[in-house]
Amino acid sequence: MRIDSYIEKLLFDYNCVVVPGFGAFLAHSKSAEIDSATNTLVPPSKTISFNAQLSKNDGLLVSHISKEKNLGYEDMLQEVENIAQDWNHKLAHGESIELFGIGKLWHNSEQRIQFQPEEKINFLTSSFGLSTFAARPIQREVIKEEVEELEERIPFIITPEKREQTSFRPWLKYAAIFLLAVSLGVTSYRTYGDLQQKEVAAQQDAQQEVSRLIQEATFFESAPLELPAINISVIKKQLGKHHVIAGAFREEQNAEKRVNQLREKGYNAFYLGVNKYGLHQVAYDSFQDPKEALVFLRKVKAEDSRDAWMLSEK
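Treat the numbers as computed from the prediction; the structure is a model and nothing was measured.

Q: Account for the sheet that holds strand 10 (residues 242–249), with residues named and values stated.
A: Spatial ordering of the open sheet is given by 11-12-10-13, a layout of 4 strands whose pairing is antiparallel. In this open sheet, the two strands that pair with only one neighbour each are strand 11 (270–274) and strand 13 (309–312). Between one strand axis and the next, the sheet turns by 45° as a mean value, whatever way the strands run. Its contacts with the sheet put helix 6 (residues 252–264) on strand 10, strand 11 and strand 12 (280–287), and the angle it makes with strand 12 is roughly 30°.

Q: Explain the pairing of strand 2 (residues 23–30) to me, and be specific about the residues and the numbers.
A: Both strand 1 (residues 16–19) and strand 2 contribute to a ladder of 4 bridges, which runs antiparallel. Among the inter-strand pairings, Val19 is bridged to a residue of strand 2, identified as Gly23. Where strand 1 folds back onto strand 2 in an antiparallel hairpin, the turn is made up of 3 residues, including Gly21, whose phi is positive at roughly 80°. Note: strand 2 against strand 5 (residues 45–51), 7 bridges, orientation antiparallel. Its bridge partner being in strand 5, Leu26 is matched across the sheet by Ser49.

Q: Which residues make up the packing of aromatic side chains, and what values go with them?
A: Evaluation of the coordinates by the stated rule reveals 8 aromatic pairs. Between the aromatic rings of Phe50 and Phe115, the centroid separation amounts to 6.4 Å while the plane-to-plane angle is 45°, which identifies the pairing as tilted. Highlighted residues: Phe50 in strand 5 and Phe115 in strand 8 (residues 113–117), separated in sequence by 65 residues. Three or more aromatic residues link up through ring pairs in this structure, and these residues are Phe22, Phe25, Phe50, Trp87 and Phe115.

Q: Talk me through the packing of helix 1 (residues 4–13) against helix 2 (residues 60–69); I want residue IDs and the actual numbers.
A: Put simply, helix 1 and helix 2 touch, their axes get as near as 10 Å, and they point 115° apart. Here helix 1 is positioned roughly perpendicular relative to helix 2, judged by the angle of their axes. Relative to helix 2, the crossing made by helix 1 is right-handed. In contact with Tyr6, Ile7, Lys9 and Leu10 of helix 1, helix 2 contributes Leu60, Leu61, His64, Ile65, Glu68 and Lys69. Looking at the contact of helix 1 with helix 2 residue by residue, the classes come out as 6 nonpolar, 1 polar and 3 charged.

Criteria and cut-off values
Residues numbered from 1 in each chain as written. Predicted model: local features only at pLDDT ≥ 70, side-chain atom pairs only at ≥ 80, totals over all residues. Heavy atoms only, no water. Pairing = 2+ DSSP bridges. Helix = DSSP H or I, 4+ residues; strand = E, 2+ residues; numbered from the N terminus. Axes fitted to C-alpha atoms, helices over the stretch in contact; angles between N-to-C directions. Contact = heavy atoms within 4.5 Å. Phe/Tyr/Trp six-rings, centres within 6.5 Å; stacked < 30°, edge-to-face > 60°. Parallel < 35°, antiparallel > 145°, perpendicular 65-115°, else oblique. Left-handed = near helix turned anticlockwise from the far one by under 90°. Nonpolar A, V, L, I, M, F, W, Y, C, P; charged D, E, K, R; others polar.

Written out as structure tokens, the structure is:
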């Protein structure tokens, strides 16, 4: 039996989960922070650590598993202690232990337990739907400053253009103006003629359309038809504000394929839409109550996909 999934569930609600005979996993709250090296904003979270000194049974883990599996407390305690002994045996022989959703444990050179937590999961329930945000540095314009600096280094001198004094150039200017006016007049006359022809054709088309409508109206007036009333009932799914997300895809076809796969498994999956990054989101289901959404999310992570997460709309 694997108990790492039960430990992961309890870490969402408790700050200390003890594995009898092995040690305790501790959850510490961590405030939001800004990574100046990568210009990213990290939301608040819970970091997980391990303490091998806290190995005395407090009843939390055993009671939770016995309730989930509907088994006796004493039998479950013995099974959990056997798992703890197996973990200690593997660590003593140089093996490492991978706990899905929690982290990795191994022995160092001094035979002390080392723990590397899983960084992809945020155990702080109030931060569900929040992800790291990358802020791009502001690129301020420095073109004007560069031009001013260039002007200081290299002065610009504008010299007047020398023109030859000729007697026929003014006449060329007036001749060009006259030719331009003549060409514009000819073009305007042709354009006016084309517009008149198009207007006449449009009027003829309009008259034909009016005649057709009058004939249709006369037909229905002379032979009225009574059509039976059709009642159509449309059932529209009321989406909640809290969505359990199954994934986000660049291609809409992949998103539709994922929806069909989840519906075959029995989920009320649906296509949520495109997010601000241009990805097509697929949801397992939608809830109005955030507590119901959180319970459903834990069930999905345990039964179908650990990559599921919750998106809450304001």
